[in-house]
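Coordinate inspection notes
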Amino acid sequence: MALRGVRVVELAGLAPGPFCGMILADFGAQVMRVDRLGSRGDISHLGRGKRSIAVDLKRPRGAAVLRRLCAGVDVVLEPFRSGVMEKLQLGPEILQQVNPKLIYARLSGFGQTGRFSGVAGHDINYLALSGVLSKIGRSGENPYAPLNLLADFGGGSLVCALGIMMALFERTRTGKGQVIDANMVEGTAYLSSFLWKTHKVGLWEQPRGQNLLDGGAPFYTTYRTADGEFMAVGALEPQFYELLIKGLGLNSAELPNQMSMADWPEMKKKFALAFAKKTKAEWCQIFEGTDACVTPVLTFEEVAHHDHHKERGSFITDEEQGVSPRPAPLLSSTPATPSFRRDPFVGEHTEDILKEFGFSQEEIDQLNSDKIIEIHELRANL
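Rules and cut-offs
Residues numbered from 1 in each chain as written. Predicted model: local features only at pLDDT ≥ 70, side-chain atom pairs only at ≥ 80, totals over all residues. Heavy atoms only, no water. UniProt positions renumbered as here; feature names shortened; annotations may be inferred. Helix = DSSP H or I, 4+ residues; strand = E, 2+ residues; numbered from the N terminus. Polar contact = N/O pair within 3.5 Å; in protein donor to acceptor, adjacent residues only side chain to side chain. Contact = heavy atoms within 4.5 Å. Pairing = 2+ DSSP bridges. Axes fitted to C-alpha atoms, helices over the stretch in contact; angles between N-to-C directions. Phe/Tyr/Trp six-rings, centres within 6.5 Å; stacked < 30°, edge-to-face > 60°. Buried < 20%, exposed > 50% of the residue type's maximum accessible area, 1.4 Å probe, protein only.

- As annotated in an unreviewed UniProt entry, the chain carries the name Alpha-methylacyl-CoA racemase and is attributed to Trichechus manatus latirostris.
- We quote the UniProt Sequence similarities (unreviewed entry) comment for the chain here in full: "Belongs to the CoA-transferase III family."

Side note on the side chain of Arg-106
- Of note, Arg-106 is situated in strand β5 (residues 103-108).
- At 2.6 Å, the side chain of Arg-106 forms a polar contact with the side chain of Glu-78.
- Dropping the residues within four chain positions of it, Arg-106 is found in contact with Glu-78, Met-85, Glu-86, Pro-92, Gln-112, Val-179, Ile-180, Asp-181 and Ala-182.

A short note on the sheet that holds strand β9 (residues 294-296)
- Spatially, three strands are ordered β7-β8-β9 in an open sheet, and the strand pairing comes out antiparallel. Two strands in the sheet have a free side with no partner beyond their single neighbour: β7 (220-224) and β9. With strand direction ignored, the average angle separating the axes of adjacent strands in the sheet is 25°.
- Against the sheet, helix α10 (residues 264-275) contacts β7, β8 (230-234) and β9, and its axis sits at roughly 40° relative to β7.
- In the packing of helix α11 (residues 280-287) onto the sheet, the strands contacted are β8 and β9, and the crossing angle to β8 comes to about 30°.

Section: the packing of aromatic side chains
- Under the defined criterion, the tally for this structure stands at nine aromatic pairs.
- Relative to Phe-153, the ring of Phe-19 has its centre 5.6 Å away and its plane inclined at 85°; by these criteria the two rings are edge-to-face. With a gap of 134 residues between them, Phe-19 in helix α1 (residues 16-26) and Phe-153 in helix α6 (residues 149-174) connect regions that are remote in the sequence.
- On the basis of relative accessible area, Phe-19 is assigned to the partly exposed category, the value being 22%.
- For Phe-153, a relative accessible area of 17% translates into the label buried.
- The interplanar angle of 80° and the centroid separation of 5.7 Å between the aromatic rings of Phe-219 and Tyr-241 together place this pair among those described as edge-to-face. Residue Phe-219 is located in the loop between α8 (193-198) and β7, and its partner Tyr-241 is located in helix α9 (residues 238-248); the two are separated by 22 residues in the primary sequence.

In structure tokens form, the structure reads like this:
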């Protein structure tokens, strides 16, 4: 796999950090998740392919354990607010003194500097501060966040993973690590570069929810079908739009011009009436194999069984029969090989990891006795 041999210490946190770590693990990195003592488990449920070591970092001896681990790894992934790691004597200045090749990835909400760097927040707050939230929502309604996908996982996890990849590549030339300041606000703003580059050329000049790509256009939105399901329409180009009109059984000569924005509300009503006459399955059959850009809105229960996904093997099933998306993108020579095993228990691999990094059995027993570390021993059910 592409990241085979790369060793990563991931400090346990909420969703953005764990997903970034899971990406690295899926593509071959050895990811060791550092959990808090007494944790019930990884609440993000993104521990695939990782191992868990439980250490009390708030105690000096626990911090010393982590410093010893970081001397022999390639990447540290930490998800805390600015200054937290410095208080624990685990900041990049200290860790990179011992390991100059270390890549120290800091994934936070607001960044390492600035007046918001020390305050709490969640996806919707980062989305709001990036400016992107102001563009999302239906006409006449409040802005709304698209789940917690955009800031947490897009602007956070993926941008941070990209930063780690670039830092690893740069290290092949310089032999030195570096610090990555990845944060959800700036990551989300960067993802919205297209909006910034086009908002002055007319693409977003109308109020929220009344533009070409935000649900304002009748040919770029969703419609309810006769059985209460939904179809998604994205027929932007004229040739695709004509196929949409044909599939709906409408006469283009009797409709206003496609780009007549004043007529869009009325056209939406016509399209909605047409879609409401048939079921989702019927519409799928009508538009199957055409370039009308009309697709079913699949539920989680449906998506893994869709023919396209089955043909590509787009979803995987783990040993506990849990279904999830296959890692992306596909690499022709070194594809990801995700683990099919269950996620690790907190502290399940504490002893094994410490031994790998040169800790003696006597040291491990003493750390465990003093509650600096936690060892989760699996016992057979008799």
